[in-house]
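# Tertiary structure, described
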Amino acid sequence: MKPRLIIALVAAASLALAGAAIAQQPIVIKFSHVVALDTPKGKAAEYFKKLAEERTKGQVKIEVYPNSTLYKDGEEMEALQLGSVQMLAPSVAKFGPLGVREFEVFDLPYIFEDFAQLHKVTEGAVGKMLFDKLQSKGITGLAYWDNGFKDFSANKALKLPADAKGLKFRIQSSKVLDSQIRALGGIPQIMAFSEVYQALQTGVVDGTENPPSNFYTQKMNEVQKYLTLTDHGVIEYAVITNKKFWDGLPADVRTTLEGAMKDATKYANDIAKEENDKALAAVKATGKTEILTLAPDAKAAWKKTLVPVHKEQESRISKEIIQEVYKATGFKP
Ligand code: LMR
């Protein structure tokens with residue numbers, strides 16, 4: 001064989017090998033979130049990873065970054081829009097800074113009594129309409145995942161709304177939550193989730209609101225003496241992806257991932273209540289935080305103080321959306 005022909009054959013073979021190697025490179029999806037692994041969202045993200053990797057037979061690799069290890073609040077949405085991360089699952093209370101403030105309807109105090117009411121909204125017209133609003137931001141909404149009902153905590157026993165007066169509370173970046181704390185006579189302070197433990201420890205804030213699973217897994221029981229079972233609101237997540245990335249996936253891969261997301265969503269929503277019940281029992285067992293339950297008249301007092309926030313925030317969220325949610329849940333103001 002002539003040397004030139006040999007060189008040409010070797011070059012062709014190397015190109016073919018390189019091509020095969022590229023073809024075998026998995027599609028990497030970085031999935032960043034801010035909570036611990038041992039939470040409804042932490043577990044559901046891992047379950048999605050397992051299903052997605054198994055069902056795409058290694059064509060897709062999901063890298064889950066929990067506990068704000070990749071991005072924290074205030075950074076992650078921009079990173080998603082820039083394509084530095086492909087999937088997030090922020091609480092719906094965090095879409096205001098992006099300009100989609102209608103998500104804050106979920107933050108209205110006492111608007112949901114239970115998960116069944118919440119699902120009527122996430123699985124209904126409002127849930128879909130909110131996802132449609134994300135498209136113009138370059139974001140595609142994939143699913144809603146539950147965490148649970150929030151309870152107030154502080155180093156002072158919050159038995160009645162007046163007990164919160166003058167206290168500083170950490171909140172997520174939602175104007176509705178800001179208005180909720182002001183209705184209590186408290187001082188709201190927006191802060192990334194990753195900074196809450198230290199802020200409570202050092203007294204930068206006096207209290208906060210969380211579902212028990214977030215409270216326990218962030219060890220807030222070490223720095224909060226009282227947790228009042230107010231159940232005044234929800235932490236609900238929107239699992240979101242970069243639209244351009246998602247639309248650019250091979251159609252069969254996207255369909256498989258949609259199926260994995262559907263099953264991970266069922267898993268997330270099936271375990272959420274139980275995970276929170278277990279976390280509450282674990283907080284109780286530490287003996288560090290006293291858990292206060294509310295008698296019906298005390299609960300009525302919390303509602304009476306907080307429900308006026310609905311009317312006050314009507315212009316921010318839109319009256320129509322609030323009415324739609326009322327219709328779905330049967331809430332009577
Ligand atoms: C919070 O910031 O309190 C929550 O949104 C954290 C989370 O993701 O559950």
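As shown above, the structure is provided for reference.
Structural notes, computed from the coordinates. Because the structure is a prediction, the values reported are computed rather than measured.

So, on to the environment of Asn155. The topology assignment puts Asn155 in the loop between strand S4 (139-154) and strand S5 (168-171). Since its relative accessible area comes to 37%, Asn155 is described here as partly exposed. Those residues in contact with Asn155 that sit more than four places away from it in its chain are Asp206, Val223, Gln224, Lys225 and Tyr226. A polar contact is formed between the side chain of Asn155 and the backbone nitrogen of Lys225, at a distance of 2.9 Å.

This part takes up the side chain of Asp107. In this structure, Asp107 sits in the loop between strand S3 (87-88) and helix H4 (115-122). Buried within the structure, Asp107 lacks any salt-bridge partner; Lys150 is the closest side chain of opposite charge, at an N-O distance of 4.9 Å. For Asp107, the side chain forms a polar contact with the side chain of Ser174, separated by 2.8 Å. Sequence-distant contacts of Asp107, that is, excluding residues within four places in its chain, are made with Ala93, Ser174, Val176, Leu177 and Gln180.

As a further point, take the site of the ligand. Every residue close to the ligand is listed here: Val34, Val35, Lys41, Asp73, Ser91, Lys94, Arg170, Gln172, Phe193, Asn214, Ile235 and Tyr237. Within the side chain of Lys94, one N or O atom sits 2.7 Å away from an oxygen atom of the ligand. A distance of 2.8 Å is found between an oxygen atom of the ligand and a side-chain nitrogen or oxygen belonging to Arg170. With the chains in place, 100% of the 270 Å² that the ligand exposes on its own is no longer accessible. Its residues placed into classes, the shell around the ligand shows five nonpolar, three polar and four charged.

Calculation criteria
- In this convention, every chain numbers its residues from 1, walking through the sequence in written order.
- Only residues with pLDDT of 70 or above have their local features reported here, since the model is predicted, and side-chain atom pairs are shown and tallied only from 80 upward, although totals for entire chains, interfaces and linings are computed over all residues.
- Side-chain metrics in this entry use all non-hydrogen atoms of the structure; hydrogen atoms and water are not considered.
- The helix count covers DSSP runs of H or I at least four residues long, the strand count covers runs of E at least two residues long, and both are numbered beginning at the N terminus.
- The buried label goes to any residue with under 20% of its type's maximum accessible area, the exposed label to any with over 50%, and the partly exposed label to all in between, with areas taken from a 1.4 Å probe on protein chains only.
- Contact criterion: two residues are considered in contact whenever any of their non-hydrogen atoms come within 4.5 Å of each other.
- We define a polar contact as two N or O atoms separated by no more than 3.5 Å, with the added condition that, inside protein, one atom must be a possible hydrogen donor and the other a possible acceptor, whereas residues neighbouring each other in sequence contribute only through side-chain atom pairs.
- Positive: Lys, Arg. Negative: Asp, Glu. His and the chain ends are not part of the count.
- Salt bridges are defined by distance alone: a side-chain nitrogen of Lys or Arg within 4 Å of a carboxyl oxygen of Asp or Glu.
- Nearness is defined per residue: one heavy atom within 4 Å of the molecule or strand is enough.
- Per-residue and other accessible areas were derived by the Shrake-Rupley procedure at a 1.4 Å probe size, with only the shown protein chains allowed to occlude residues.
- Three categories are distinguished: nonpolar for Ala, Val, Leu, Ile, Met, Phe, Trp, Tyr, Cys and Pro, charged for Asp, Glu, Lys and Arg, and polar for the others, with Gly belonging to the last.

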